[in-house]
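# Architecture and fold: a report
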Amino acid sequence: MENRNLEKALDIASALFMGETVGGRGSNAMLYEEYSHNPEVYDILMQILGKLDISLYEYNNSLFISPGSTNRVFGFSNEELKRIMGLRLNRELFLVYFIIYNIITGFYKDSAGSTYLEYLRIEDVIRSVGASLTGMIDYSAGIVMEEAESDSFKAIALLWDELPDVSADDRNEVRAARNSRSGYVKLTFNFLTEQKLFTESEERYYPTDRFRAVAENYFENNRGRLYEIMNSPKEEKPDAAD
């Protein structure tokens, strides 16, 4: 292993950890060239990130990183997320996770490619979450779910069901809060915007390249149990005459 290649790999990792753009253009273009055309630099970088439980994604000639579930330096624990987002209960956090999943599937139904959506609005996400929960309740009896899974989805559905679409205080402007469905979605979008996954303009939320990089790889690597449950085929309901 040449010291120069190790140094370049560390330079790339350091730039990514500092939130800098490493891509074909800009101040780190030479680092991107090293990543793209020097196999040893690439291998060293992947070893470094793998040891730290960090995934590397490439999109639109730029590199992006995402922490894995065991990474407590660049990622968040459930308790940290609750504190950051002003949540109190686990079911509130699970609802936020569910909202995030519906935001992702608004742009990506599967790994084959994105749907043609330029942006999402809060009301779009409210409709999506409501439809997802209704569908899950309709056909969950036909899915083999563990008791903990069933209880989790019930808790999410009950919490969502008891919330109004918009709170009485938010008739003119939606505020991030736990007192309405729109408030929860706004709370979620605020967090995603802080993480540089979305930009907001006139109450429209546009995905960034960072979001595209993470979302396009999500379905290949981390679709997990939630994807399986939400995409299980519905059971045919018997006709009334039967």
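Residues numbered from 1 in each chain as written. Predicted model: local features only at pLDDT ≥ 70, side-chain atom pairs only at ≥ 80, totals over all residues. Heavy atoms only, no water.

### Topic: the sheet that holds strand 1 (residues 22-23)
Strands in a sheet are paired, the pairing made by backbone hydrogen bonds, and the direction either parallel or antiparallel. One open sheet holds the 3 strands; their spatial order is 1-3-2, and the pairing between them is antiparallel. Each edge of the open sheet is held by one strand with a lone partner, namely strand 1 and strand 2 (54-59). The pairing of strand 1 with strand 3 (residues 62-67) spans 2 bridges and is antiparallel. Note that in strand 3 the partner of G23 across the bridge is S62. Along the sheet, helix 1 (residues 3-17) makes contact with strand 1, strand 2 and strand 3, crossing strand 3 at roughly 70 degrees. (Pairing = 2+ DSSP bridges. Helix = DSSP H or I, 4+ residues; strand = E, 2+ residues; numbered from the N terminus. Contact = heavy atoms within 4.5 Å. Axes fitted to C-alpha atoms, helices over the stretch in contact; angles between N-to-C directions.)

### A closer look at the confidence of the model for the protein
Per-residue pLDDT for the protein has a mean of 81; in total, 75% of the residues score no lower than 70. The model gives residues 233-242 a pLDDT under 50, and that stretch makes 6 contacts with residues more than four places away or in other chains. (pLDDT = per-residue confidence, 0-100.)

### Considering unusual backbone geometry
A positive phi is found at D53, a non-glycine position, where the angle reads about 55 degrees. Within the secondary structure, D53 sits in the loop between helix 3 (39-51) and strand 2. Although it is not a glycine, E202 adopts a positive phi angle of roughly 50 degrees. Of note, E202 is situated in the loop between strand 6 (198-201) and strand 7 (204-207). On the accessibility criterion, E202 (70% relative accessible area) is exposed. (Buried < 20%, exposed > 50% of the residue type's maximum accessible area, 1.4 Å probe, protein only.)

### Regarding the packing of aromatic side chains
Enumeration according to the criterion identifies 8 aromatic pairs in this entry. Ring geometry for F189 and F198: centres 5.3 Å apart, planes at 75 degrees, overall edge-to-face. Judged by relative accessible area, which is 0%, F189 ranks as buried. Relative accessible area serves as the criterion here: at 2%, F198 is assigned to the buried category. Arranged with centres 4.8 Å apart and planes meeting at 50 degrees, the rings of F198 and F211 form a pair that is tilted. Highlighted residues: F198 in strand 6 and F211 in helix 9 (residues 209-221), separated in sequence by 13 residues. A residue is classified by how much of its surface remains accessible, and F211, at 5% relative accessible area, is buried. Through successive ring pairs, a cluster of aromatic residues spans F107, F189, F198, Y205 and F211. (Phe/Tyr/Trp six-rings, centres within 6.5 Å; stacked < 30°, edge-to-face > 60°.)

### Considering the pairing of strand 6
By the bridge criterion, 4 bridges tie strand 6 to strand 7 in an arrangement that is antiparallel. Note that in strand 7 the partner of E200 across the bridge is Y205. In sequence, strand 6 turns back onto strand 7 through a hairpin of 2 residues, with E202 there showing a positive phi of about 50 degrees.

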